[in-house]
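Overview (structure and organization)
Each chain, letter by letter, is given below.
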Amino acid sequence: MSQTFIIIDDSQDDVEKTQAIAERFRNLSYLASANNYDDGVNLILEHQPHLVFLEIDPSDKKSKLSLSFINELYRYLPVVPKIIITSSKKDLAYDALKYEVIDYLLKPLDINDFRKAILKFDRAIKSNLPHVEAKNPAATFEVLDETLVEELETENDVQLNTIPTSEKPIVFQKDQSLIICVKSYGDYRYIESQDVLYFEADNNSTDIHLNNGEMITAFKTLKHFETVLPSHQFLRIHNSYIINVNQVSRIHTGNTVCYIKNSTTKLPFSKSYKENVDLIISRIAAGNYLEI
């Protein structure tokens, strides 16, 4: 089955280069391209492709291309196309991964990196899951154990004009609830991730606040949790807080606070993590949602 794609890039020269490489893959079918934010959004809403190649750090700032482009798609589409970022700078790679993009490719595009990205895209399409580079494919991890990465063994049958890679990306098993194990001196404390309200930094340790009012301390930094937790469920909103996206009941952008469900707790968010807050708003709006 042919997968359709659209290219969004402020540089027409780069559009043509991306198209030329993509057309070497028989499973990809080119639809159209756009050079700015508004035309790009309209083009995607019209054609609803499987894949979008997106520039997020344009030379022409008037094009207004950025990661907020992805947020805009969540406002209108029940199923957002898979995204591959193409950019000449690597500065935004970490931020882009929070949006669950398939891959982040640096210009000038390299055919080997491009092939790997298309293989990741193909697997994400077949599994019908957003691609996430995960630390815990078995949906369990211990916060004191750093050796948790495994590869999932699945077949790859992408039809390419070039030799396929053997790389096997990792995906979360979203049908299984994530179990967080806090281990200390032979004491194993198991926590359902859905029961976690938020994580709070406390010097070199982290307090885990649960929906039953209990607080558990783990002797790892908040930065460690930001690295290992799945970004589809937990996002950092402040230097001191990581919040469970599914436990947010209200966001007040004027007062820069997030409210927790079934409680009077409200957590501040900072400007440096405003993109994560925007992402929470977009994800909620993409669900079974009515705005009045």
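Above this text sits the structure in question.
Please read all numbers here as calculations on a predicted model, not as lab measurements. (Residues numbered from 1 in each chain as written. Predicted model: local features only at pLDDT ≥ 70, side-chain atom pairs only at ≥ 80, totals over all residues. Heavy atoms only, no water.)

1. Side note on the side chain of E72
Among the structural elements, E72 can be located in helix 3 (residues 68-74). At 3.4 Å, the side chain of E72 forms a polar contact with the side chain of Y76. Those residues in contact with E72, other than ones at most four positions away along the chain, are Y37 and V41. (Helix = DSSP H or I, 4+ residues; strand = E, 2+ residues; numbered from the N terminus. Polar contact = N/O pair within 3.5 Å; in protein donor to acceptor, adjacent residues only side chain to side chain. Contact = heavy atoms within 4.5 Å.)

2. Remarks on the sheet that holds strand 16 (residues 266-268)
Within the open sheet, the three strands sit side by side as 14-15-16. Their pairing is antiparallel. Unpaired on one side and paired on the other, strand 14 (248-252) and strand 16 mark the two borders of the sheet. Averaged over all pairs of adjacent strands, the angle between strand axes in this sheet comes to 25 degrees, irrespective of strand direction. With four bridges connecting them, strand 14 and strand 15 (residues 257-260) associate as antiparallel partners. Bridge pairing in strand 15 links H252 to V257. (Pairing = 2+ DSSP bridges. Axes fitted to C-alpha atoms, helices over the stretch in contact; angles between N-to-C directions.)

3. Structural notes on the packing of aromatic side chains
All chains considered together, the criterion is met by eight aromatic pairs. Measuring from ring centre to ring centre gives 5.9 Å for Y198 and Y241, while their planes differ by 70 degrees; the resulting arrangement is edge-to-face. Residue Y198 is located in strand 9 (residues 196-202), and its partner Y241 is located in strand 13 (residues 241-244); the two are separated by 43 residues in the primary sequence. The two residues Y198 and Y241 agree in class, both being buried. Through pairs of rings, three or more aromatic residues link up here, namely F5, F25, Y30, F53 and F114. The cationic tip of R250 hangs over the ring face of Y259; the distance from NZ or CZ to the ring centre is 4.7 Å. (Phe/Tyr/Trp six-rings, centres within 6.5 Å; stacked < 30°, edge-to-face > 60°. Buried < 20%, exposed > 50% of the residue type's maximum accessible area, 1.4 Å probe, protein only. Lys NZ or Arg CZ within 6 Å of the ring centre and 35° of its normal.)

4. As for the nonpolar core
Core analysis: the biggest nonpolar cluster contains 39 residues, and I8, L54, F69, I83, I85, I237 and I243 have the highest contact counts within it. Residue contacts for L54: discarding those within four places in its chain leaves I8, S66, F69, I70, I83, I84, I85 and T86. Formed by 17 residues, the second largest nonpolar core is a distinct cluster that contains F5, I21, L28 and F121. (Core = buried A, V, L, I, M, F, W, Y, C linked by side-chain atoms within 4.5 Å.)

5. What about the pattern of salt bridges?
One pass over the structure, following the stated rule, counts 13 salt bridges. Between K107 and D14 there is a salt bridge whose closest N-O contact spans 3.0 Å. Of this pair, K107 sits in the loop between strand 5 (103-106) and helix 5 (111-127) while D14 sits in helix 1 (residues 12-22), placing them 93 residues apart in sequence. In this structure K107 comes out as buried when scored by relative accessible area, which is 16%. A salt bridge links D103 to K120, with the shortest nitrogen-to-oxygen separation between them at 3.3 Å. With D103 in strand 5 and K120 in helix 5, this residue pair connects regions lying 17 residues apart in the sequence. On the accessibility criterion, D103 (14% relative accessible area) is buried. Residue classification places K120 among the buried residues on the basis of a relative accessible area of 11%. (Salt bridge = Lys/Arg side-chain N within 4 Å of Asp/Glu carboxyl O.)

Nothing here speaks to function; it is geometry throughout.
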